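# Working through the structure, step by step
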Amino acid sequence: MAEAEITFSQYATAYYEIIEDGKGGKAEFVKELLKIGLSSNGKEIIDSIFPTITNSKGSCFIEKNKADRLRKYLRGDNGIGDIACELEANFDKESCVEELLGVIEDYDESKSIKFAKEINLDVNKYGIYEEDDFCEIDDIYGMAEDITELYFSIIRAAATQKVTKSNKLKNASKSDVNNIIYSYTIIESEKKALINLCELIKSTLKDLERQTDTIYNKQHELKNLTDSEKDKRWKSYLENDINSLKEHFDTAYPKIERLCAQITELLEPKKDMNAWFEAMLTIASDISRDEYKITCPKKFKYRAFCLMVSKFSNNIDRVLRVIDKL
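The numbering scheme is per chain: residues are counted from 1 as the chain's sequence reads. Where local features are concerned, this predicted model is filtered to residues with pLDDT of at least 70; where side-chain atom pairs are given and counted, the filter is 80 or more; whole-chain, interface and lining totals use all residues. With hydrogens and water set aside, each side-chain value is computed from the structure's full complement of heavy atoms.

Further remarks concern the state of the cysteines. By disulfide we mean two sulfur atoms from cysteines, separated by a distance within 2.5 Å. Here the structure, examined in full by the defined rule, presents 0 disulfides. The cysteine Cys 96 is free of any disulfide, with Cys 85 supplying the nearest cysteine sulfur at 18 Å. To sort residues, take the accessible area from a 1.4 Å probe on protein chains only and compare it with the maximum for the residue type: under 20% means buried, over 50% means exposed, and anything in between is partly exposed. Accessibility expressed as a relative area gives 1% for Cys 96, which makes it buried.

Another point: the packing of helix 1 (residues 8-19) against helix 4 (residues 64-75). Orientation is described by lines fitted to C-alpha atoms, with helices fitted over the stretch in contact, and by angles between N-to-C directions that extend from 0 to 180 degrees. Numbering of helices and strands runs from the N terminus; a helix is a DSSP stretch of H or I covering at least four residues, while a strand is a stretch of E covering at least two. Contact geometry of helix 1 with helix 4 gives a least axis separation of 6 Å together with a crossing angle of 95 degrees. Taken together, the axis directions place helix 1 and helix 4 in an arrangement best described as roughly perpendicular. The residues of helix 4 that touch helix 1, namely those facing Phe 8, Ser 9, Ala 12 and Thr 13, are Tyr 73, Leu 74 and Arg 75. For classification purposes, angles smaller than 35 degrees are called roughly parallel, those larger than 145 roughly antiparallel, those between 65 and 115 roughly perpendicular, and all remaining angles oblique. What makes two residues a contact is simply this: any of their non-hydrogen atoms within 4.5 Å.

Right, let's talk about the nonpolar core for a bit. A general feature of soluble globular proteins is that nonpolar side chains tend to end up buried together. Phe 8, Tyr 11, Tyr 15, Leu 34, Tyr 73 and Phe 115 are the most contacted members of the largest nonpolar core, which totals 57 residues. A total of 12 residues in this core trace back to one element, the largest contributor, which is helix 8 (residues 140-162). Excluding residues that lie within four positions of it along the chain, Leu 34 makes contacts with Phe 8, Ile 46, Phe 50, Leu 70, Tyr 73, Ile 83, Leu 87 and Tyr 151. Membership of the second largest hydrophobic core comes to 35 residues, among which are Tyr 253, Ile 256, Met 273 and Trp 276. In these notes, a set of buried Ala, Val, Leu, Ile, Met, Phe, Trp, Tyr and Cys residues joined through side-chain atoms within 4.5 Å is what counts as a nonpolar core.

Let us now look at helix 4. Compared with an ideal rise of 1.5 Å per residue, which puts 12 residues at 16 Å, helix 4 spans 16 Å between its outermost C-alpha atoms and is within 8% of the ideal. What helix 4 keeps buried is the set Ala 67, Leu 70, Tyr 73 and Leu 74. The arc that holds the buried residues of helix 4, viewed along the axis, is 110 degrees, so those residues lie on one side. Counted as exposed and oriented over 90 degrees from the buried face of helix 4: Lys 64 and Arg 75. In this structure, the buried residues of helix 4 make contact with helix 1, helix 2 (26-35), strand 2 (60-62) and helix 5 (81-89). Helix span is expected to be 1.5 Å times the residue number reduced by one. The arc in question is formed by the directions pointing from the helix axis toward the C-beta atoms.

Our focus in this paragraph is the pattern of salt bridges. One side-chain nitrogen of Lys or Arg within 4 Å of one carboxyl oxygen of Asp or Glu is enough to make a salt bridge. Using the criterion set out here, one finds 22 salt bridges in the structure. Arg 289 is the salt-bridge partner of Glu 94, the closest N and O atoms lying 3.1 Å from each other. Here Arg 289 lies in the loop between helix 13 (275-285) and helix 14 (299-322) and Glu 94 lies in helix 6 (residues 93-106), a separation of 195 residues in the sequence. Salt bridges linked by common partners bring Lys 31, Glu 32, Lys 35 and Asp 47 together as one network.

Right, let's get into unusual backbone geometry. Here Asp 21, not a glycine, exhibits a phi torsion of approximately 60 degrees, which is positive. Positive phi, close to 70 degrees, is recorded for Asn 120, a residue that is not glycine. As for its placement among the helices and strands, Asn 120 is situated in the loop between helix 7 (109-118) and strand 3 (128-131). For Asn 120, a relative accessible area of 28% translates into the label partly exposed.

A separate point is the packing of aromatic side chains. The geometry of an aromatic ring pair is captured by the separation of the ring centres together with the interplanar angle, meaning the angle of the planes. Aromatic pairs are defined between Phe, Tyr and Trp rings, using the six-membered ring for Trp, whenever the two ring centres lie within 6.5 Å; interplanar angles under 30 degrees are classed as stacked, those over 60 as edge-to-face, and all others as tilted. Scanning the model with the defined rule gives 13 aromatic pairs in all. With a centroid separation of 6.4 Å and an interplanar angle of 40 degrees, the aromatic rings of Phe 8 and Tyr 151 are classed as tilted. Placement of the pair is Phe 8 in helix 1 and Tyr 151 in helix 8, with a sequence separation of 143 residues. What makes Phe 8 buried here is its relative accessible area of 6%.

Bringing the environment of Lys 191 into the picture now. With respect to the helices, strands and loops of the structure, Lys 191 is situated in helix 11 (residues 188-223). The buried category is assigned to Lys 191, whose relative accessible area is 7%. With residues up to four places along the chain from it excluded, the contact list for Lys 191 reads Ile 186, Ile 323, Asp 324 and Leu 326. A polar contact is formed between the side chain of Lys 191 and the backbone oxygen of Leu 326, at a distance of 2.6 Å. In protein, a polar contact requires one atom able to donate a hydrogen and another able to accept it; more generally it is a pair of N or O atoms within 3.5 Å, and residues adjacent in sequence count only if both atoms are side-chain atoms.

Now the structure itself:
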């Protein structure tokens, strides 16, 4: 993560000047930047706040006062507090990571490294290889994930500033105070339960990942068989084996769904206590997505599952490293 606090203006300016080479309309750029990581509803909100108008000649532009507002965000004349709550409520970290992955893969990777350095990320941990004009990032996903976490922290900080502490606690009842205390403390029995759940989830995910690897390898082998008599006999065996493995996977998957439901119940009231809690909840709540229940032979379908396992496992490791300090 970043070593120093970064404002939206600093983040956006670095993105514009480095990734976009300082080209294109600034207002249009800021509008599209604000949409990164938002749900479809969030994108529609940005479009409604900063509508694009088409004139009689077919030219598209953002209304002048709206465009000025966007440029002020970029310059730092205005903060994003006036829209931060909408951004926070409609922000999807996983979508943001995927969009940033596309940006990193589409552009010269040296730009992504320069951008990460500009926003104070420690790029050494991503496995950077640079030689002459060649540049490669080993852990592109890790970089996209850290950029997402930094950007979301900017949004959250702006949203928090909009609602002052005095307004939050005004007229709070005793039960409200108790809820606050519960939300920001974790007792020893809860810590133990969290540790046990984390370890169970991690081992279950690894077991499911091994199963998908086996299914994929056998499907690949099946695909490359010829029409020879020997291969026909082997094909029948492989098909039965694959069907059996798929049935086992479908039977085993509800276990991870059950564990994720349990960790969600434990951490939901405490999601604001630690950033890794909230990140874990985001992954756990999406564990039943169809793209993760992998039994089809298309390789790209396995990528989403493997990325999720890697992200979840890394998040669990981070939680386990800090749990004793909470």
